[in-house]
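Chain by chain, the residues run as shown.
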Amino acid sequence: MNIAVAGTGYVGLVTGVCLAEHGHGVTCVDVDQQKVEIMRKGISPIFEPGLDELMLKNMERLTFTTDYKAAYREADVIFIGVGTPEKRDGSANLTYVYEVAGQIAASIERDCVVVVKSTVPIGTNDKIEAYMKARLAHPVQVWIASNPEFLAQGTAVQDTLHASRIVIGVEEDKPGVILQEVYKDFDAPKLLTNRRSAEMIKYASNDFLALKISYVNEIANLCETVGADIEDVTKGMGFDGRIGNQFLRAGIGYGGSCFPKDTKALSWLASFNDNEIKTIKAAIEVNENQKYRLIKKARKYYEDFKGLTVAVLGLTFKPGTDDLREAPSLVNIPVFLEDGAIVKAWDPVGVGNFKKKCDGDISYCESIEETLQDADICFIFTEWPQVKELDPHIFAACMKHPIILDGRNCYELERMEQAGVIYESIGRRAVQPAKEN
Ligand SMILES: NC(=O)C1=CN([C@@H]2O[C@H](COP(=O)(O)OP(=O)(O)OC[C@H]3O[C@@H](n4cnc5c(N)ncnc54)[C@H](O)[C@@H]3O)[C@@H](O)[C@H]2O)C=CC1
Ligand SMILES: O=C(O)[C@H]1O[C@H](OP(=O)(O)OP(=O)(O)OC[C@H]2O[C@@H](n3ccc(=O)[nH]c3=O)[C@H](O)[C@@H]2O)[C@H](O)[C@@H](O)[C@@H]1O
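Residues numbered from 1 in each chain as written. Chains lettered and ligands numbered in written order. Predicted model: local features only at pLDDT ≥ 70, side-chain atom pairs only at ≥ 80, totals over all residues. Heavy atoms only, no water.

Per an unreviewed UniProt entry, the recorded name for the chain is UDP-glucose 6-dehydrogenase, and the organism is Diplocloster agilis. Annotation of the chain in UniProt includes, under Catalytic activity (unreviewed entry), the sentence "UDP-alpha-D-glucose + 2 NAD(+) + H2O = UDP-alpha-D-glucuronate + 2 NADH + 3 H(+)". Checking UniProt for the chain, the heading Pathway (unreviewed entry) contains the comment "Nucleotide-sugar biosynthesis; UDP-alpha-D-glucuronate biosynthesis; UDP-alpha-D-glucuronate from UDP-alpha-D-glucose: step 1/1." (UniProt positions renumbered as here; feature names shortened; annotations may be inferred.)

Now the structure itself:
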């Protein structure tokens, strides 16, 4: 089968490479010429564990191009994996999806299945079908299928090769049969449904996970007030199989390219249909506040950050990715800078992308120790293994004032006590050094 993929971001590229791994010939299309040139050398333009190796292994079945006409003309199946970012009003911006739909309609010269992998609001597949059928340059049959993606960044390759499920939303038999053939060697449960249900499965899944995190964060905040410990609380909750032990990590809020935008998009869609979805609205609000939780705690120690040296460990929205989209670091660091702090930051892979989003005067350090040197306060925004594995005594040894505000609960409280530092985390008691008599 001749497969094309539009968009070579986290979803498009990983999909293309994993389809090639299962023996398909795949042409990956992107508008970004620079990206295409990098990929032609067998190098992934995004940081995703295992992707480079899998790309290199399958280069003979992979083609990278900006020439969409040539790529789509003879394709049997075309996946759309372009971005659907958030618009100002919270709704999904479908500009890129429609652009690709138009390009496909103008290019295809044989019957083909167009698979919408991008996350799109319920009903979009129907609209894309009408849009494309009105624009077909040749008298061919085109079927639109919804095939939402559930991979997470940092584990994208594994999540695709061993997917939790493959959801195929179609309105006719033929595209369903073709897609089952495409995925026949993927070892995952397959659910065949209609397009609107497939579209809803994606939003309902992401928003449920976001809701779970906001719920746990609210419980964590209450734990601080009533003297409970969120780590023990979530451990205790997680034993119950009905609750599950995943996505119960309290912290400084969810970020990333999807939870923030997909919660807002579903909330917008519900309101648009006179159907307010209160739980998701609450999850969004809780998350917005949670991002500033550490700054509020820091005010206990310093009125503002003027003249202070602030050390920041972790810039990306989670470990295992170089992605900065909606990362808590992006809203916190500007506060330090506006106050007049000297900011030193460390991240193993996120610095390049951070510089593109924040042009403030920041010293980027090569090591954690260098970042902590002479700092008055340290903020942890990402639980990179290098941070979690750090000996807490390093904080005391390097910092001028060892005050650590941890947004990801990286350390056991007892260890911080032994290290003699001030340590505040999320949903747990504050650690203060023992007072000398
Ligand atoms: N990032 C993630 O972990 C996941 C994302 N999704 C969804 O998948 C979609 C894509 O997300 P990402 O991969 O993160 O996006 P991304 O922003 O990383 O990549 C999109 C790519 O599409 C390219 N592009 C734009 N217009 C194009 C065109 N006309 N033809 C060809 N390429 C074009 C861009 O240059 C870019 O390389 C979104 O709807 C997102 O919600 C779903 C599951 C996971
Ligand atoms: O649609 C998407 O894009 C994807 O969104 C998420 O994947 P991703 O955003 O890559 O990362 P997650 O691991 O889900 O983390 C998202 C955010 O939630 C936070 N999080 C996660 C888990 C948790 O227990 N607590 C918590 O605060 C993380 O720190 C991170 O900021 C989902 O996990 C994927 O299934 C989905 O396909």
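What follows continues from the structure just given.
Colleague: Is there a simple way to think about the pattern of salt bridges in this case?
Modeller: Pairing is possible between side chains that carry opposite charge, provided their charged atoms lie close to one another. Scanning the entire structure with this criterion turns up 28 salt bridges. We note a salt bridge from Asp126 to Arg195, for which the minimum N-O separation is 2.9 Å. Taken as a pair, Asp126 in helix α6 (residues 124-133) and Arg195 in helix α9 (residues 195-226) lie far apart in primary sequence, 69 residues in all. The closest approach of N and O atoms between Arg196 and Asp126, which form a salt bridge, is 2.9 Å. Taken together, the residues Arg196 in helix α9 and Asp126 in helix α6 connect sequence positions 70 residues apart. Taking relative accessible area as the criterion, Arg196 reaches 43% and is therefore assigned partly exposed. On the basis of relative accessible area, Asp126 is assigned to the partly exposed category, the value being 26%. (Salt bridge = Lys/Arg side-chain N within 4 Å of Asp/Glu carboxyl O. Helix = DSSP H or I, 4+ residues; strand = E, 2+ residues; numbered from the N terminus. Buried < 20%, exposed > 50% of the residue type's maximum accessible area, 1.4 Å probe, protein only.)

Colleague: Could you clarify how one ought to interpret the site of ligand 1 in this entry?
Modeller: In the vicinity of ligand 1, 26 residues are found, and the nearest of them are Asp30, Lys35, Thr84, Gln153 and Lys261. The separation between a nitrogen atom of ligand 1 and a polar side-chain atom of Glu99 is 2.9 Å. Protein burial of ligand 1: of its 840 Å² of free accessible surface, 89% is covered by the chains. For the shell around ligand 1, the elements supplying multiple residues, two or more each, are α1 (10-21) and α5 (95-107). The element best represented in the shell around ligand 1 is α5, accounting for three residues. (Near = heavy atom within 4 Å. Polar contact = N/O pair within 3.5 Å; in protein donor to acceptor, adjacent residues only side chain to side chain. Areas by Shrake-Rupley, 256 points an atom, 1.4 Å probe, with all protein chains shown as cover.)

Colleague: Where do I start with the domain arrangement of the chain in this structure?
Modeller: Where interface size is given, it is often the accessible area lost as the parts come together that is meant. Here the chain is described as being made up of domain 1 (2-193), domain 2 (202-290) and domain 3 (293-424). The centre of domain 1, based on its C-alpha atoms, is set 29 Å off from the matching centre of domain 2. Each partner contributes to the roughly 1100 Å² buried at the junction of domain 1 and domain 2, and carbon and sulfur atoms together form 60% of this total. Its largest share of buried area at the contact with domain 2, domain 1 owes to Glu86, Thr119 and Ile122, together 38% of the area lost on that side. Summed over the shared surface of domain 1 and domain 2, the result is one salt bridge. A salt bridge links Glu86 to Lys264; its shortest N-O distance comes to 3.2 Å. (Domains from an automatic or database assignment. Buried area = accessible area lost by both parts, 1.4 Å probe.)

Colleague: Is there a simple way to explain the pairing of strand β9 (residues 309-313) in this structure?
Modeller: On any regular strand, side chains alternate: one points to one face of the sheet, the next to the other face. Of all the five residues making up β9, five are buried; the element is thus mostly covered by neighbouring parts of the structure. Note that β9 and strand β10 (residues 342-346) share five bridges and pair parallel. Counted as the bridge partner of Val310 is Val343 from β10. Handedness of the crossover is the feature at issue here: the chain leaves β9, passes through helix α14 (residues 328-339), returns alongside β10, and the resulting connection is right-handed. (Pairing = 2+ DSSP bridges. Right-handed = clockwise from strand over helix to strand, strands pointing away.)

Colleague: Teacher, can you tell me more about the site of ligand 2 here?
Modeller: Taken together, 18 residues are adjacent to ligand 2, and Phe150, Leu151, Gln153, Lys202 and Cys258 come closest. At a separation of 2.8 Å, an oxygen atom of ligand 2 approaches a polar backbone atom of Phe150. Within the backbone of Gly255, one N or O atom sits 2.9 Å away from an oxygen atom of ligand 2. Here the residues of the shell around ligand 2 sort into ten nonpolar, three polar and five charged. (Nonpolar A, V, L, I, M, F, W, Y, C, P; charged D, E, K, R; others polar.)

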